[in-house]
Amino acid sequence: SPGEGREEGRIYASPRARRLAEREGVDLSGMKGSGPRGRIMERDVRAVIERRGRGVAPEG
Amino acid sequence: MSYQYDLVVLGSGPGGYVAAIRASQLGLKAAVVEKDKLGGVCLNIGCIPSKALIHMATLYRQAQETLSRTGVKVDTSGFDYEKVFSYSRQVADRLSKGVQYLLKKNKVDVITGEGVLEDPHTVRVGDARYTGKFVLVATGSSPRSIPGFEIDELVVLSSTGALMLKELPTRIIILGGGAIGMEFAYVFSSFGVQVTVVEMLDQVLPFMDHEVVEVLVKDFSKRGITILTSSKATSLVKTESGVVLTVEGASGRQELQAEKLLVSIGRAPNTRGIGLEEIGVQLDERGFVKVGDYYQTAVEGVYAIGDILPTPQLAHVASKEGEIAVLHMAGRPKEKVLPQEEIPSAVYTEPQVAGFGLTEKEAKEKGLSYKTAVFPFRGVGKAVAVGEVDGFVKLVYDPETEEILGAFIVGPEATELVHELLLAKRSELLLDDISHMVHAHPTLSEGVMEAARMAQGWAIHV
Amino acid sequence: MSYQYDLVVLGSGPGGYVAAIRASQLGLKAAVVEKDKLGGVCLNIGCIPSKALIHMATLYRQAQETLSRTGVKVDTSGFDYEKVFSYSRQVADRLSKGVQYLLKKNKVDVITGEGVLEDPHTVRVGDARYTGKFVLVATGSSPRSIPGFEIDELVVLSSTGALMLKELPTRIIILGGGAIGMEFAYVFSSFGVQVTVVEMLDQVLPFMDHEVVEVLVKDFSKRGITILTSSKATSLVKTESGVVLTVEGASGRQELQAEKLLVSIGRAPNTRGIGLEEIGVQLDERGFVKVGDYYQTAVEGVYAIGDILPTPQLAHVASKEGEIAVLHMAGRPKEKVLPQEEIPSAVYTEPQVAGFGLTEKEAKEKGLSYKTAVFPFRGVGKAVAVGEVDGFVKLVYDPETEEILGAFIVGPEATELVHELLLAKRSELLLDDISHMVHAHPTLSEGVMEAARMAQGWAIHV
Ligand SMILES: Cc1cc2nc3c(=O)[nH]c(=O)nc-3n(C[C@H](O)[C@H](O)[C@H](O)COP(=O)(O)OP(=O)(O)OC[C@H]3O[C@@H](n4cnc5c(N)ncnc54)[C@H](O)[C@@H]3O)c2cc1C
Ligand SMILES: Cc1cc2nc3c(=O)[nH]c(=O)nc-3n(C[C@H](O)[C@H](O)[C@H](O)COP(=O)(O)OP(=O)(O)OC[C@H]3O[C@@H](n4cnc5c(N)ncnc54)[C@H](O)[C@@H]3O)c2cc1C
């Protein structure tokens, strides 16, 4: 469940966000997303990829 | 400067009344100005009465087509369409009263009369003036007519005139094969009226996937509805007994006769004569209001939503736009403009049609790598049990990421079934989420599951 | 050792036939052994014919209750229930043939006859023996009867006898208010039969949320169905004209008379006499098969699914269990046992009832911090337009995490609407995902959206 997920530090991400992260090698752990209750959404992963592309260090 | 209200809303349709209630929930003191009945077009002369007619039309058809096979005699000789009309008015009135109750309960003031914007913060109604920190314009739309086909509501009807008919004609021509035109075609033809639909484009319901529309058209044709696509009405002559419409199509010119003509070729925004341009609100060449990400107009403090925008003219779009606008006013912007691909379209004929996102054609035109999966209701036990096996669930998806690009359904309860898929789309789920979920048996929703499985190559019932 | 098949399936119900097709898709060579009609109980004497009867019952009712208000004369004097019966058989036969076609298309061999397990890899049918690397037992269930209430299918009926009636009795007593009992109560009463339901527990449909059931019971009572809960049938006497049933309840003892008695008190697993215990498969005290996470029995290579397990006796459960089992056999285990809270239950009466997850009572008993939101169909425009305003969408949710714990719907199309909520639950979505999604207007699904909004404190139409 999402509630338990957060408590256990499990990643709470949308399936599309997960898939994109997997393909692009983005580590989702510790990331807070912009979706409901901090769910990591595709747009959040895209933002990381973009920053990476621009050579900016990922945000904590 | 101090205002009487935080928000003055102009128009109480599904855009306006929902926005006013939402504003009140968010702590804004709100008023709604309405010159006609509460609930706007949708509740009074749109979505709701039309669905009441459709419901009755379906009962009428089913009784004759199916129930009569059990030895029940269905004698329609005493059928009185006026009773159907009355039912549709009762339903509309009940819901309009419901809006009145809701506005009151939410402490929204209702101001009766025609409102005009005097300045960005002042709405004049007759001699009275109401000021608001924000003004939300939600004045909706009116039936469009074209020169030579002027609506008189006696012989040449708009949707309003068609809804208000107390007697059925023997024949009717419907100019325009959009959702409204097709729904009336369904209603009238179910009650035995001879219906001809004339559509300029090469497809009725042009916003829907073409395969889905084909099923509907086939069904309509079987029932005796004539559908002329790529056909242009070039002239109209009123006669003693009705109208003669000249139509030019691929196969030449023909003259159609009927007692009534229903013109359903679109709806024009109600944006003139209410002070919009005078205070600086910008309109596009067709008269629609130009807005920003949160439905702000060019004038600070003035917002616009619903049918007066160049977004799809749908009740649920109007309501959502209103919600987004008032959240912005309240300083709690959450979402920006409604993404086009998250807007469901629905046509409430039988079979029903519903969908969202990219049609197959659009996906092709965009050069996307896409695939489609089409699962027929024939393979769905519930559809067989209720005798409604025409139609299917069609998915347009990205084969690599398994993302849903679009979904279109034609068949029983399509307008409800589409929401499971829309939730999947909007919450960034993938085909797996639907294909592996247990769906109750026997339900029509199993068709949704099977379509997702089909895309993944493991549908069972096909 | 080499076998004729990779998989031999015993029983072709929704457990067996789906598993066989899925196995074939996964590259396993499969056969199904069936002693009766393909499709099992569900297609032939269960889910499907019962839904066909319900469909006709609804048409019959609606024609009289609603259509007759339009001046259409609905004359039921010539009504012939046998036609309804025939329709239900046609539907069942069509789907049973469909299964035959699907099995053939998927290259699954069909072996006709009664199969018995001789050893973990051998099924004997008459004199023939069929061997498989794996054996999947999916022999389903049969109506349970209790001493003193033996089923004769003439006066004392099981669901099978009730489905096979070609003539309606004037009165019927239904012993057992589960889904099957309530569906028959709906069908019979719609056609004018006087129905009394006798239920031992304090609630019919005990697996459903109590508030949801209350709505159904109220509706049934209005229609003249008598429902006796907390009532125990203590004795049965067959008379010339039917039965006299003695019932003891809170209010004492009473004698009920009727032409027929339908016993629908549960279904017993078909696990005896087919070699199961002989080869080492373990049964529990009630005769259900004990299985592991992937539906493996105690005997290597032998799996069991469907109504012979102590999991909910539902077709979609049987199918899903079959899918999970064959994935495991194919060496591609994906999911383990079906989580209880992801199993939808559905009752196809009018109003329909559907739900999943924790009922309010269960949440309370577990000591969870939960809240409920109940949004009435009265506030849903489509429900008003089709005249079906009884009922509501009820959510049981965690107020802190906004996670859905359970959802229960009573009202029109409840059995379809539940899937949007189930998808949300299963895919770990939250109230926000549903409350902010645009739902087409006017649809019943708006009730789902409003329930989510209600939980968040911002429903509009209430
Ligand atoms: C026959 C028909 C069927 C339809 N069916 C559907 C359907 O099934 N689903 C769907 O989503 N959409 C449907 N629509 C479209 C839907 O009705 C509109 O999209 C929706 O009503 C737009 O809402 P709105 O709030 O923008 O404006 P409206 O509903 O048009 O409301 C505008 C209100 O503003 C008032 N007003 C205008 N100017 C002033 C003024 N100056 N002062 C005071 N008050 C003013 C009007 O009197 C009106 O009450 C249908 C439309 C028609 C005609
Ligand atoms: C009236 C009624 C209505 C129902 N409605 C619903 C509903 O709406 N939704 C729902 O989900 N569930 C419903 N059910 C329950 C549903 O029918 C069962 O859960 C489902 O059929 C179980 O599937 P199964 O594959 O386990 O077994 P079954 O469907 O019982 O199939 C077992 C098959 O195995 C065959 N068989 C048994 N032993 C042998 C043998 N030794 N050799 C060869 N063949 C054998 C039988 O002939 C049968 O065909 C209903 C049940 C009834 C009685």
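Quick summary incoming for the structure in this document. Note that the coordinates shown come from a computational prediction; the quantities given were computed from them, not determined experimentally.

The rules behind these values
Residues numbered from 1 in each chain as written. Chains lettered and ligands numbered in written order. Predicted model: local features only at pLDDT ≥ 70, side-chain atom pairs only at ≥ 80, totals over all residues. Heavy atoms only, no water. Near = heavy atom within 4 Å. Polar contact = N/O pair within 3.5 Å; in protein donor to acceptor, adjacent residues only side chain to side chain. Areas by Shrake-Rupley, 256 points an atom, 1.4 Å probe, with all protein chains shown as cover. Helix = DSSP H or I, 4+ residues; strand = E, 2+ residues; numbered from the N terminus. Nonpolar A, V, L, I, M, F, W, Y, C, P; charged D, E, K, R; others polar. Pairing = 2+ DSSP bridges. Axes fitted to C-alpha atoms, helices over the stretch in contact; angles between N-to-C directions. Expected span 1.5 Å × (residues − 1). Bend = angle between axes of the 7 residues up to and from the residue. Buried < 20%, exposed > 50% of the residue type's maximum accessible area, 1.4 Å probe, protein only. Contact = heavy atoms within 4.5 Å. Buried area = accessible area lost by both parts, 1.4 Å probe. Salt bridge = Lys/Arg side-chain N within 4 Å of Asp/Glu carboxyl O.

1. Thoughts on the site of ligand 1
- Near ligand 1 you find 40 residues, and of these Glu34(B), Lys51(B), Asp307(B), Ala315(B) and His441(C) are the closest.
- One of the backbone N or O atoms of Gly115(B) is found 2.9 Å from a nitrogen atom in ligand 1.
- With respect to ligand 1, the backbone of Ala315(B) contributes an N or O atom lying 2.8 Å from an oxygen atom.
- For ligand 1, the accessible surface in isolation is 1000 Å², of which the surrounding protein chains cover 96%.
- Counting only elements with at least two residues in the shell around ligand 1, the list comes to β2 (30-34), α2 (40-45), α3 (47-65) and α8 (315-329) of chain B.
- Among the elements that take part in the shell around ligand 1, α2(B) stands out by supplying 4 residues, more than any other.
- For the shell around ligand 1, a count of residues per class yields 14 nonpolar, 18 polar and 8 charged.

2. Things to note about the sheet that holds strand β15 (residues 252-258) of chain C
All names here are of chain C.
- The strand order β13-β14-β15 describes an open sheet built from 3 strands, whose pairing is antiparallel. The open sheet has two free edges, formed respectively by β13 (232-238) and β15, since each of these has just one partner strand. Neighbouring strand axes in the sheet, compared pairwise and without regard to direction, differ in orientation by 20° on average.
- One ladder, built from 6 bridges, connects β13 with strand β14 (residues 243-249); its direction is antiparallel. When the sheet's bridge partners are listed, Val237 is paired in β14 with Val244.

3. Remarks on helix α12 (residues 414-426) of chain C
Residue and element names in this part refer to chain C.
- Helix length check: α12 (13 residues) gives 18 Å between terminal C-alpha atoms against 18 Å at 1.5 Å per residue, within 8%.
- Maximum bend of α12: about 25°, positioned at Glu420.
- Taken across its 13 residues, α12 has 12 buried, putting it largely inside the fold.
- One or two residues past the end of α12 sits Glu428, with phi positive at roughly 60°.

4. Observations concerning the interface of chain B and chain C
- Between chain B and chain C, the residue contacts involve 88 residues of the former and 88 residues of the latter.
- The contact between chain B and chain C buries some 7700 Å² in all, and 64% of this surface belongs to carbon and sulfur atoms.
- At the junction of chain B with chain C, the criterion picks out 4 salt bridges.
- Between Lys334(C) and Asp432(B) there is a salt bridge whose closest N-O contact spans 3.4 Å.
- On the surface where chain B and chain C come into contact, there are 41 residue pairs in polar contact (both at pLDDT 80 or more).
- Going through the elements one at a time, α1 (16-25), α3, β3 (73-75), α4 (81-105), α8, α10 (381-385), α11 (414-426) and α12 (431-435) of chain B are the ones with two or more residues in the side of chain B that touches chain C.
- Here the side of chain B that touches chain C gets 10 residues from one element, more than from any other, and that element is α3(B).
- A class-by-class count of the residues in the side of chain B that touches chain C yields 44 nonpolar, 21 polar and 23 charged.
- Sheet topology note: the β3(B)/strand β3 (residues 73-75) of chain C ladder contains 3 bridges and is antiparallel. When the bridges of β3(C) are listed, Val74(B) appears paired with Val74(C).

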